Amino acid sequence: MTILLTTNLGFSQEISKSLLWTDQLDTLFQPAINSPDYLVIKKSEWNGIKELFNESIKAQETQFMQREIDRMMVDSTEHVKTSKILPIEKSEAATNNPLLLLLIPLIGYAAFITFKLYAERERVKLNQDILDQTEKEFQKHKKSSVERERKLMRELIDTKNKLEEINISTQKA
């Protein structure tokens, strides 16, 4: 209640000050001689106005900061009164951030892809080993086949030569 009264009192004082400002500004600004649509002010008076505005802004900032501090104090005392045990506060960024809600499935998807790639790499490595082993067996089989073919060719040539010798000997007889 006291906060409301002090803020209303301060607000009414600001309104009365702003009315004084408008009266002062009307006396400081005078219409220009060559152009009645424009107003003219002396440099010394303008510097005084700037200083007054700066002081007014600083005073309003301090009043605003004091009001915020008072409001925070009232809020914190009400919070302590309503809660028996002070809970650990979660940051709003962690609970209300939509990017975090997107990040969690993306991390899961990245882990799934990584697992699949690792499993595929292992499968390719196993298939490569099987292929290498099959190539070795094929080369071994090819070598033995070539040797067998050469052996059979020699036997064929030998048999052919024996047949020719038998044919020649039968023709002579």
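The structure this text deals with has already been given above.
Residues numbered from 1 in each chain as written. Predicted model: local features only at pLDDT ≥ 70, side-chain atom pairs only at ≥ 80, totals over all residues. Heavy atoms only, no water.

## A look at the overall build of the protein
And step 1. Secondary structure summary: the protein contains 4 helices and 2 strands in total.
And step 2. Considering the protein as a whole, with its 173 residues, one finds that 3% of them fall into the buried category.
And step 3. Surface accessibility of the protein: about 16500 Å² in total, with carbon and sulfur atoms responsible for 63%. (Helix = DSSP H or I, 4+ residues; strand = E, 2+ residues; numbered from the N terminus. Buried < 20%, exposed > 50% of the residue type's maximum accessible area, 1.4 Å probe, protein only. Areas by Shrake-Rupley, 256 points an atom, 1.4 Å probe, with all protein chains shown as cover.)

## Some words on a nonpolar patch on the surface
And step 1. Judged by side-chain polarity, L100, L103, I104 and I107 come together as a nonpolar surface patch covering roughly 360 Å² of accessible area.
And step 2. With respect to the secondary-structure elements, L103 resides in helix α4 (residues 98-172).
And step 3. Here L103 falls in the partly exposed class, since its relative accessible area comes to 43%. (Patch = residues over 30% accessible without salt bridge, like charges linked within 9 Å, V, L, I, M, F, W, Y side chains within 5 Å. Salt bridge = Lys/Arg side-chain N within 4 Å of Asp/Glu carboxyl O.)

## What about the pattern of salt bridges?
And step 1. Using the criterion set out here, one finds 2 salt bridges in the structure.
And step 2. We note a salt bridge from R71 to E68, for which the minimum N-O separation is 2.9 Å. Taken together, the residues R71 and E68, both in helix α2 (residues 43-82) and 3 residues apart, mark about one turn of the helix.
And step 3. R71 sits in the partly exposed class, given a relative accessible area of 42%.
And step 4. R123 is paired through a salt bridge with E120; the nearest N and O atoms lie 2.6 Å apart. One end of the pair, R123, and the other, E120, are both in helix α4, 3 residues apart, so they sit about a helical turn from each other.
And step 5. The exposure class of E120 is partly exposed, given its relative accessible area of 35%.

What is shown is where atoms sit, not what they do.
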